[in-house]
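Structure assessment
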Amino acid sequence: MKRLKGILDIGEDEEIEIIDSREMIEDESNYSEILLSPMKGEVIPIEKIPHKVFNGKILGEGVAILPIDGWVLSPVEGRIIHIMDSKHAIGIKSINGADILIHVGIETEKLQGEGFQIFVQTGDDVKPGDKLIQFDLEYIKNKAKSPIMPMIISNSDVYQSVITIKSGQVDYREPLLELFELD
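Residues numbered from 1 in each chain as written. Predicted model: local features only at pLDDT ≥ 70, side-chain atom pairs only at ≥ 80, totals over all residues. Heavy atoms only, no water.

1. Here's the deal with the overall build of the protein
For clarity, the cut-off: Only runs of H or I of at least four residues qualify as helices and only runs of E of at least two qualify as strands under DSSP, and these elements are numbered from the N terminus. Note on areas: Shrake-Rupley with a 1.4 Å probe; residue coverage comes only from the protein chains shown.
Helices and strands together make up the secondary structure of the protein, namely two helices and 16 strands. Of the roughly 9500 Å² that the protein leaves accessible, carbon and sulfur atoms contribute 46%.

2. Regarding the environment of Lys 141
As for its placement among the helices and strands, Lys 141 is situated in helix 2 (residues 137–143). As for Lys 141 and Thr 108, which are separated by 33 residues in sequence, their C-alpha atoms are 9.9 Å apart.

3. A closer look at the pairing of strand 16 (residues 175–181)
Here is the key point about a regular strand: its side chains alternate between the two faces of the sheet. The test is simple: Burial here depends on accessible area, computed with a 1.4 Å probe over protein chains only, as a share of the maximum for the residue type. Under 20% is buried, over 50% is exposed, and the range in between is partly exposed. Strand pairing requires that DSSP identify at least two bridges connecting the strands.
Counting buried positions over the seven residues of strand 16 gives five, a clear majority of the element. Two elements, strand 14 (residues 159–164) and strand 16, share five bridges in a ladder whose sense is antiparallel. Paired with Ile 163 across the bridge in strand 16 is Glu 178.

4. Here we look at the nonpolar core
Across soluble globular proteins, you tend to see nonpolar side chains buried next to one another. As a reminder, the rule being used: To qualify as a nonpolar core, a set must consist of buried Ala, Val, Leu, Ile, Met, Phe, Trp, Tyr and Cys residues joined through side-chain atoms within 4.5 Å. Contact between two residues is taken to exist if any of their heavy atoms lie within 4.5 Å; hydrogens are not considered.
With 36 residues, the main nonpolar core has Ile 100, Ile 102, Leu 132, Phe 135 and Met 151 as its most contacted residues. Sequence-distant contacts of Leu 132, that is, excluding residues within four places in its chain, are made with Val 72, Leu 73, Ser 74, Ile 80, Ile 90, Ile 92, Ile 102, Gln 117, Ile 118, Phe 119, Val 120 and Val 126. Counting eight residues, the second-largest nonpolar core is a separate cluster that includes Ile 44, Ile 49, Ala 64 and Ile 152.

5. Thoughts on the sheet that holds strand 6 (residues 71–73)
Note on sheets: strands pair through backbone hydrogen bonds, and any given pair is parallel or antiparallel. The following threshold applies: For helices, the fitted line uses only the C-alpha atoms of the stretch in contact; every axis is such a line through C-alpha atoms, and the angle between N-to-C directions lies from 0 to 180 degrees.
If you trace the three strands from one edge of the open sheet to the other, you get 6-12-10, paired in antiparallel fashion. With partners counted over all chains shown, the strands left at the sheet margins are strand 6 and strand 10 (116–118), one partner each. Neighbour-to-neighbour, the strand axes of this sheet turn through a mean angle of 15°, independent of strand direction. Where strand 6 lies against strand 12 (residues 131–135), three bridges are found, and the strand directions are antiparallel. Along strand 12, the bridge assignment pairs Val 72 with Ile 133.

6. Some details on the packing of aromatic side chains
Test applied: In summary, the pairing rule links any two rings of Phe, Tyr or Trp, Trp by its six-membered ring, whose centres are within 6.5 Å, and it sorts them by plane angle into stacked for under 30 degrees, edge-to-face for over 60 and tilted for everything else.
Within this structure, the stated rule accounts for one aromatic pair. Their ring planes at 35° and their centres at 5.4 Å tell us that Trp 71 and Phe 119 sit as a pair that is tilted. Here Phe 119 lies in the loop between strand 10 and strand 11 (125–126) and Trp 71 lies in strand 6, a separation of 48 residues in the sequence. Its relative accessible area of 36% is what places Phe 119 among the partly exposed residues.

7. Examining unusual backbone geometry
Trans is the common state for peptide bonds, and a negative phi is the common state for residues other than glycine. One non-glycine residue, Glu 107, lies in the positive phi region at around 65°. Looking at where Glu 107 falls in the secondary structure, it is placed in the loop between strand 9 (99–103) and strand 10. Even without being glycine, Arg 173 reaches a positive phi, approximately 65°.

What follows is the structure in structure tokens.
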């Protein structure tokens, strides 16, 4: 088994060393990619999201974060494929093929864009850490069902597994989900 290392740039004069997760498996043929955390907060299992569409995995596998501030950053290198008119959700197609839905809050579509600012447009290419959405966390806490932010792999059926690799508190750009392709 070979040991692969890389450096992930996470800001001005700040770097974090990451070990490529392919070193943890013997058969590297089904490795796909790692998604970074798009926000800062507490990692919540998908089954604990207070909405049946998410906790029932109707849209796909994933994870959620209970945010502690109001920013959403890109978790991958890819392209913006959809932005909801109400600004509460965004779709990204990663360069490795993952379809990622980032949904800020539960039942936030009812806010009709109030409290949200979008920094990208459909068709824009993004890199990990690029600003996607800024939102008013206090407004969402007061007006929506929940501020929990699901991050769903909407094409998770093409993956052997979608594994949450972080629990507890998570910071921006920390490895959060690992995707393994089907054989």
